[in-house]
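A closer look at the structure
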Amino acid sequence: GAVVSQHPSWVICKSGTSVKIECRSLDFQATTMFWYRQFPKQSLMLMATSNEGSKATYEQGVEKDKFLINHASLTLSTLTVTSAHPEDSSFYICSARVNGGRVEQFFGPGTRLTVL
Amino acid sequence: KQEVTQIPAALSVPEGENLVLNCSFTDSAIYNLQWFRQDPGKGLTSLLLIQSSQREQTSGRLNASLDKSSGRSTLYIAASQPGDSATYLCAPSGGGNKLTFGTGTQLKVEL
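The rules we used
Residues numbered from 1 in each chain as written. Chains lettered and ligands numbered in written order. Predicted model: local features only at pLDDT ≥ 70, side-chain atom pairs only at ≥ 80, totals over all residues. Heavy atoms only, no water. Helix = DSSP H or I, 4+ residues; strand = E, 2+ residues; numbered from the N terminus. Rg over C-alpha atoms; globule rule 2.2 N^0.38 Å. Buried < 20%, exposed > 50% of the residue type's maximum accessible area, 1.4 Å probe, protein only. Contact = heavy atoms within 4.5 Å. Lys, Arg positive; Asp, Glu negative; His and termini not counted. Charge placed at Lys NZ, Arg CZ, Asp CG, Glu CD. Pairing = 2+ DSSP bridges. Axes fitted to C-alpha atoms, helices over the stretch in contact; angles between N-to-C directions. 1 Å grid on protein atoms, 1.4 Å probe; cavity = no way out; pocket = protein on both sides within 12 Å on 5 of 7 lines; lining within 4 Å. Points joined across faces, edges and corners; volume = space filled by probe spheres on them. Nonpolar A, V, L, I, M, F, W, Y, C, P; charged D, E, K, R; others polar. Phe/Tyr/Trp six-rings, centres within 6.5 Å; stacked < 30°, edge-to-face > 60°.

1. Some remarks on the overall build of chain A
Helix and strand counts for chain A stand at 0 helices and 11 strands. Expected size for 116 residues packed as a compact globule is a radius of gyration near 13 Å; at 13 Å, chain A falls within 12% of this value. If one aligns the C-alpha atoms of chain A with their principal axes, the spans along those axes are about 40 × 25 × 20 Å. Looking at chain A as a whole, 47% of its 116 residues are labelled buried. Taking as baseline every contact in chain A between residues at least 6 positions apart, the subset at least 24 positions apart corresponds to 54%. Distance between charge centroids for chain A: 3 Å, based on 11 positive and 9 negative side chains.

2. Here's the deal with the sheet that holds strand S7 (residues 62-67) of chain B
Residues and elements named next belong to chain B. Sheet architecture is open: 5 strands sit in the order S1-S3-S8-S7-S6, paired in antiparallel fashion. Strands with a single pairing partner mark the edges of an open sheet, and in this sheet they are strand S1 (4-7) and strand S6 (56-59). Here the strands of the sheet are splayed against their neighbours by 15° on average, with no regard to which way each runs. In this sheet, strand S3 (residues 19-25) lies alongside S1 in antiparallel orientation, the contact comprising 4 bridges. Bridge assignment links valine 4 to a residue of S3, and that residue is phenylalanine 25.

3. Points about the layout of surface pockets
In this model, the largest pocket occupies a volume close to 680 Å³. Considering the residues around the largest pocket, the lining is formed by 26 residues, among which Met45(A), Glu59(A), Lys1(B), Gln2(B) and Thr100(B) are closest to the centre. Mapped by element, the contributors of at least two residues to the lining of the largest pocket are strand S5 (44-51) of chain A together with S1 and strand S9 (86-93) of chain B. When residues of the lining of the largest pocket are assigned to their parent elements, the largest contribution, 4 residues, is made by S5(A). A breakdown of the residues in the lining of the largest pocket according to their chemical character gives 10 nonpolar, 10 polar and 6 charged.

4. So, the packing of aromatic side chains
Two aromatic rings are characterised by how far apart their centres lie and by the angle between their planes. As enumerated under the stated definition, the model contains 7 aromatic pairs over all chains in all. Measuring from ring centre to ring centre gives 5.6 Å for Tyr36(A) and Phe101(B), while their planes differ by 90°; the resulting arrangement is edge-to-face. Of this pair, Tyr36(A) sits in strand S4 (residues 32-38) while Phe101(B) sits in the loop between S9 and strand S10 (105-110), which puts the two residues in different chains. Accessibility expressed as a relative area gives 0% for Tyr36(A), which makes it buried. Ring centres of Phe107(A) and Phe101(B) lie 6.0 Å apart, and the angle between their planes is 85°; on these two criteria the pair is classed as edge-to-face.

5. Remarks on unusual backbone geometry
Here the bond from His7(A) into Pro8(A) is cis, since omega is 0°, no more than 30 degrees from zero. Secondary-structure assignment places Pro8(A) in the loop between strand S1 (4-7) and strand S2 (10-13). In this chain, Ile7(B) is followed by Pro8(B) through a cis amide linkage whose omega measures -5°. Phi angles above zero are rare outside glycine, and Ser83(A) is one such case at about 45°. As for its placement among the helices and strands, Ser83(A) is situated in the loop between strand S8 (76-81) and strand S9 (90-97). For Ala79(B), which is not glycine, the phi dihedral falls at a positive 45°.

6. Some points on the sheet that holds strand S4 (residues 32-38) of chain B
Residue and element names in this part refer to chain B. Read from one edge to the other, the open sheet built from 5 strands follows the order S2-S10-S9-S4-S5, with strand pairing classed as mixed. With partners counted over all chains shown, the strands left at the sheet margins are strand S2 (10-14) and strand S5 (44-51), one partner each. With direction set aside, neighbouring strand axes in the sheet form an average angle of 20°. Pairing analysis gives 7 bridges linking S4 to S5, with the strands arranged antiparallel. Looking at S5, one finds that arginine 37 is bridged to threonine 45.

Quick look at the structure:
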């Protein structure tokens, strides 16, 4: 139980294009999901908290107009990197909390984004 | 702002050894603390969650302790195996269930 998937697992795109990453809770409902970014040899940094049916809450220093988050259902949150640039190349990981369960977060397998 | 430090940064041991991984955090006002493992290029696997009111949690060969007041947590791995090789991350949880991650301990268990 408590499985989180991400799609795609990796993506390569040209500078200036937009990329959408999906995060799904497969066997549970999640009102709250989180998006993290991890640069090589660094730890995970929280980008934003995604809440179903409402606007995401972004961490300080994260541009909300560049990283668009949509949490339209209890099992799906999407992160769109708009007008991607090489410095956006990173490993993006989402997590989800089980509705009504413990506060434990379950993580997806991550998406490797490379912007050329 | 919560800051998390993990010591050692890297560790290489022969198979069978008992290990101690340390985590310290600056803000003791936490709700819980999770330990994760991350394999290269992969996501995170949750190992243990300790509530702020608890002192320790055990799962198989893993035991995690928490001393909230002093801002410390320790992960014990008994009888290490090559399959335990990974990066281990600790993450205390603050307001809004936000996790703050340390930079991890990279563990290598050799045959």
